[in-house]
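# Close look at the chain arrangement
Here is what each chain is made of, one letter per residue.
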Amino acid sequence: MEIVRLTAAQALVRFLASQHVERDGVDQRFFGGCFGIFGHGNVAGIGEALYESPELLTYYQARNEQAMVHAAAGYARMRNRLGALVCTTSIGPGATNMLTGAALATVNRLPVLLLPGDVFASRRPDPVLQQLEVPWSGETSVNDCFRPVSRYFDRIWRPEQVIPAALQAMRVLVSQAETGAVTLAFPQDVQAEAFDYPEAFFSRRVWHVGRPLPDEAALAEAAGRIRAARRPLVVAGGGVIYSEATKALRRLCEQTGIPVGETQAGKGSLPYDHPSSLGGIGVTGTFAANRLAAAADLVIGVGTRWTDFTTASKTVFRNPGVRFVNVNVADFDAAKHAGLPLVGDARATLERLAELLEGFAVDDAYRDEAARLNREWDAEVSRLYALGHGPLPAQSEVLGAVNDASRPEDVVVCAAGSMPGDLHKLWRTRDPKGYHVEYGYSCMGYEIAGGLGVKMAAPEREVYVLVGDGSYLMLSSEIVTSIQEGLKLTIVLVDNHGFNSIGGLSRSLGTDGFGTQYRYRRNGSLGVDSEDGSEVLPVDLAANAESLGARVIRAGTIEELRAGLAAAKDEQRTVVVVIEVDRYEGVPSYESWWDVPVAEVSAVESVRAAREQYEAARRDERSHV
Ligand SMILES: Cc1ncc(C[n+]2csc(CCOP(=O)(O)OP(=O)(O)O)c2C)c(N)n1
Ligand SMILES: [Mg+2]
C-alpha cells in the first residue's frame, strides 16, 4: 500500500479537493473553495495546508464567520446542492460565530462543511486562549454547540481519524435526504500532526446522486387518489428546484390541469405566467393560491417541509375532507400531515406519476378557474408595481422596478423583513433559479453574504440583493469580500428607518410598533407608531456602503431608482442603490393568517382586542391527522 506522510490538515484538504458528485451522468467537483478567517486555532494547521497547496482549494477571505457560512449556503442552494464550500475558523469566538450559519444551512437542508478549530487534544497548555473551561467535563468545548445544528458532527482527536470522519462527512453532504451543516471540529494541535495516510484515500472519488423512486404500490395508490380528486392542488417546495424537476412538473400540470402553489423555496417551479401557476401559497400567498387551497380535496406536496408559512398556520386547507400526498426524498417530510408518503426524488416521481395518470385530467372548469385566477393575480401585481404612492414610494413599486430591470435569468436574493413576503407575492419569476429568498431561517444578515455565494456559484447572472436597513446594519461586511473578489452584486437597500415587518406585526397585535423604529429615546421611551413624526436616527447607510468600497447610487424616486438600476448594469464592481420607502404603504395579505400568540391578559385595551381576534382566528386552525 502506498502511503504519504501529511499533517491531518493537509490530508483533509487533499481529500476534499478530490471529491466529485455525479447526477444524470454529469460529473462535477463538489467543493468550490474554502472560506476562512484565521486565528491561532487554524492558521498553522488548515492555514498551512491551504498555503502549501493553493491549487487544491481556492481560499476566500471572509469578514465575518457567520457571513461566510451564509455565503456557503447561498452557493450550495444555487448549485442545487451538488456543490458546496468549506468554512475554516479559529477556536472560540471564530467558531461560535458560525453557529447561526450552521442552523440556517441545516434548516434549509443545504450542504456546508464547517471546520471550526478546537482546543488542544493533548490538553497540554490548558486552558488555551479562548478556551471554555467546563468544570464537569474535560472533553467539552464551545464546539459542542454545533451538535444540534449539524446533520453530522465529529471531533478529530487523532490524525488517522481524518479518514472515517471525512468519509462520513461526504456521505451526509451529498445525501439529498440528510444534507445540512456538517461540522468536523478540528483541535489545533491535531491539525498540525503528521500521519502516514494511504494514497488511495486521496484518489478521485465520485459520489453518485441518484433519483430513487417510491415504492410502486404507493405510486399506484397515489395515482388512484389523484384520479378520484375533484380539486387537486400541487404545492411545490424547494425539492422541485433542487431535483431539477420543474420541466417534469410543468408537463404533469399541462397533462392533468392540476394547478400549482409555491412555497418560498419552491417559487420559480413554474414561470409566473403559466396558466396553472397560482404563485405563492400560505401566509404570504396570493389570493389565487389561497382560494384554490381552501377548497382543495387532495393536496400533492412536492419537496416541501410544510412550514407554518406554507399552511398559513394550518388554516389554508379548509376542505373538511382534504388529504395529502407527499413526494419527498426525506421520509421525515413525506410523512407530514398524515399524507401518503411517496419517498423519492421529485423529478423521477413526477415523471412516473405522469405515466400512471395517463388519460386523466381535471374538469375544464377547474382548469379555467386556475387560469383566470392567474390572470387576476397578475393584474393585482401590476397595480402594486405602479401605485404611484407619494411623497415616498411604496416598497411594492421598488420590487416592480427591480423586476423590470432584471433579466429572466438574473437572481433576486432576500431573507428577512417585510420584503420576503412581498417578493413571494409579487416577484414575477421567469427562471427556476431566479428567486432566492432564504425563508427557512429568515435570517437578517443573510442577504448580502448569501448573495455573494449565489454570485460565486453563477457569475454569469446578475445578482440583485434586496436588503432592509435593519438587515444591512446587522451584517453588510461581505460587501468588502465582493469587491476583493470582483464578484459584483447589485444591492438595493430599502430604508424605512427600522423594522417595518415587525412594526406592522406589532401594530396588528395591539402593541403599536413598540421598539421597532430607529428613533432617539425621548422622555424615557423609544416611541411607538402612533406618535410618528419624531426624529429618526441620523444613520447614513449610503455613506457606510461607500466607505466599504461600493459604488453608491442614492435614489429619491422610482424614476431615479430605475435610472440607478440601469447605471448599475454597466458597473463592474458592487453597487448599492439606496432608496427610502413609506413604511406604512405595505402589501396586504390575501385570505391568510399567521399564528402569533397574543397576551391572554393585558392592561392594554388594544392587546385585549387583538387577543379576541386571535382566539376567533385560531378556531380555524386544524390538525391534519
Ligand atoms: C437575525 C435575526 N434577528 C431577528 C429577526 C426578527 N426580525 C424579522 S424581520 C426583522 C426586521 C427587519 O428589518 P429590516 O431589514 O429593516 O426590514 P423591514 O422589516 O424594515 O422590511 C426582525 C427584527 C430575524 N429574522 N433575524
Ligand atoms: Mg427596515
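Structure's up top.
Criteria and cut-off values
- Positions within a chain are numbered from 1, following the residues in the order the chain's sequence is written.
- Starting at A for chains and at 1 for ligands, labels are handed out in the order in which the entities are written.
- In keeping with the model being predicted, local features are shown solely for residues with a pLDDT of at least 70 and side-chain atom pairs are shown and tallied solely at 80 or more, while totals for entire chains, interfaces and linings include all residues.
- Just so you know, side-chain values use all the structure's heavy atoms and leave hydrogens and water out.
- The numbering of helices and of strands both runs from the N terminus, where a helix is a DSSP run of H or I of at least 4 residues and a strand a run of E of at least 2.
- Radius of gyration means the value over C-alpha atoms here, while the globule rule gives 2.2 Å times the residue count to the 0.38 power.
- Note on exposure labels: buried denotes an accessible area under 20% of the residue type's maximum, exposed denotes more than 50%, and partly exposed covers the range between, all computed with a 1.4 Å probe on protein chains only.
- Should any heavy atoms of two residues lie within 4.5 Å, those residues are counted as being in contact.
- The charge count treats Lys and Arg as positive and Asp and Glu as negative. His and the chain ends do not count.
- Note on charges: their place is set at NZ of Lys, CZ of Arg, CG of Asp or CD of Glu.
- In this text, buried Ala, Val, Leu, Ile, Met, Phe, Trp, Tyr and Cys residues form a nonpolar core when linked through side-chain atoms within 4.5 Å.
- Multiplying 1.5 Å by the helix residue count minus one yields the expected span of that helix.
- For this quantity, the arc is that covered by the directions from the helix axis to the C-beta atoms.
- When the centres of two rings from Phe, Tyr and Trp lie within 6.5 Å, Trp using its six-membered ring, the rings pair. Their planes under 30 degrees apart give stacked, over 60 give edge-to-face, and anything left gives tilted.
- Here, a charge over a ring means that NZ of Lys or CZ of Arg falls within 6 Å of the ring centre while also lying within 35 degrees of the ring normal.
- With water excluded from the atoms, a metal site may look incomplete; its donors are any N, O or S atoms within 2.8 Å, or within 3.2 Å for Na, K and Ca.
- For each residue, the test is whether any non-hydrogen atom lies within 4 Å of the molecule or strand; if one does, the residue is near.
- Here a polar contact is recorded for every N or O atom pair within 3.5 Å, except that within protein the pair must consist of a potential hydrogen donor and a potential acceptor, and residues adjacent in sequence are included only if both atoms are side-chain atoms.
- Reported accessibility uses the Shrake-Rupley method at a 1.4 Å probe radius. Residues are deemed covered only where the shown protein chains occlude them.
- Side-chain classes follow a simple rule in which Ala, Val, Leu, Ile, Met, Phe, Trp, Tyr, Cys and Pro form the nonpolar group, Asp, Glu, Lys and Arg form the charged group, and the remainder, Gly included, forms the polar group.

Helix and strand counts for the protein stand at 24 helices and 23 strands. Its C-alpha atoms give the protein a radius of gyration of 25 Å, within 12% of the compact-globule value 25 Å for 625 residues. Taken over the C-alpha atoms alone, the protein extends approximately 70 × 70 × 55 Å along its principal axes. Burial status across the protein gives 60% buried among its 625 residues. Long-range pairs, those at least 24 residues apart, make up 76% of the contacts in the protein between residues at least 6 apart in sequence. For the protein, the distance from the average position of its 62 positive side-chain charges to the average position of its 78 negative side-chain charges is 3 Å.

A separate point is the nonpolar core. One recurring pattern in soluble globular proteins: nonpolar side chains tend to sit buried together. Of all hydrophobic cores here, the largest spans 60 residues; its most connected members are Leu233, Leu249 and Phe317. If sequence neighbours within four positions are ignored, Phe317 has contacts with Leu233, Val235, Ile281, Ala293, Ala294, Val299, Trp306, Thr311, Val322, Phe324, Arg622 and His624. Grouped together as the second largest cluster of nonpolar side chains are 56 residues, Ala73, Ala457, Val465 and Val576 included.

Next up on the list: helix H24 (residues 605-618). Between its first and last C-alpha atoms H24 spans 20 Å; for 14 residues at 1.5 Å apiece the expected length is 20 Å, and the two agree. Among the residues of H24, Val607, Ala610, Arg611, Tyr614 and Ala617 are the ones counted as buried. All buried residues of H24 lie within an arc of 125° about the axis, which places them on one face of the element. What points out from H24, more than 90 degrees from its buried face, is the exposed set Glu605, Glu612 and Gln613.

Turning our attention to the packing of aromatic side chains. Geometry of an aromatic ring pair is reported as the spacing of the ring centres plus the angle between the planes. Scanning the model with the defined rule gives 17 aromatic pairs in all. Measuring from ring centre to ring centre gives 5.1 Å for Phe287 and Trp377, while their planes differ by 80°; the resulting arrangement is edge-to-face. Of the two residues, Phe287 is situated in helix H11 (residues 287-295) and Trp377 in helix H15 (residues 364-385); the sequence distance between them amounts to 90 residues. Here a set of aromatic residues connected by ring pairs shows up, and it is made of Phe15, Phe195, Tyr197, Phe201 and Phe202. Lying across the ring of Phe202, Arg14 places its NZ or CZ 4.6 Å from the centre. When the ring centre of Tyr435 is taken as reference, the NZ or CZ atom of Lys267 above it lies at 5.5 Å.

This part covers the coordination of the magnesium ion (ligand 2). Taken together, the protein ligands of the magnesium ion (ligand 2) are Asp469 (OD), Asn496 (OD1) and Gly498 (O), with distances of 2.0 to 2.1 Å. Summarised as a motif, the one-chain spacing of the donors to the magnesium ion (ligand 2) is D-x26-N-x1-G. In this pair, Asp469 sits in helix H19 (residues 469-474) while Gly498 sits in the loop between strand S21 (490-495) and helix H21 (500-508), placing the two residues 29 residues apart along the sequence. For the pair shown, Asp469 and Gly498 are each scored as buried.

This part is about the site of ligand 1. The local shell around ligand 1 holds 16 residues, among which Ser418, Asp469, Gly470, Asn500 and Ser501 are the closest. In the environment of ligand 1, a nitrogen atom lies 3.2 Å from a nitrogen or oxygen atom belonging to the backbone of Met444. Take Ser501: an N or O atom from its side chain is 2.7 Å from an oxygen atom of ligand 1. Alone, ligand 1 offers 590 Å² of accessible surface; in the complex the protein occludes 77% of this. If you list the elements that add at least two residues to the shell around ligand 1, you get H19 and H21. With four residues, the single largest contributor to the shell around ligand 1 is H19. Residue composition of the shell around ligand 1, by class: five nonpolar, ten polar and one charged.

Nothing here speaks to function; it is geometry throughout.
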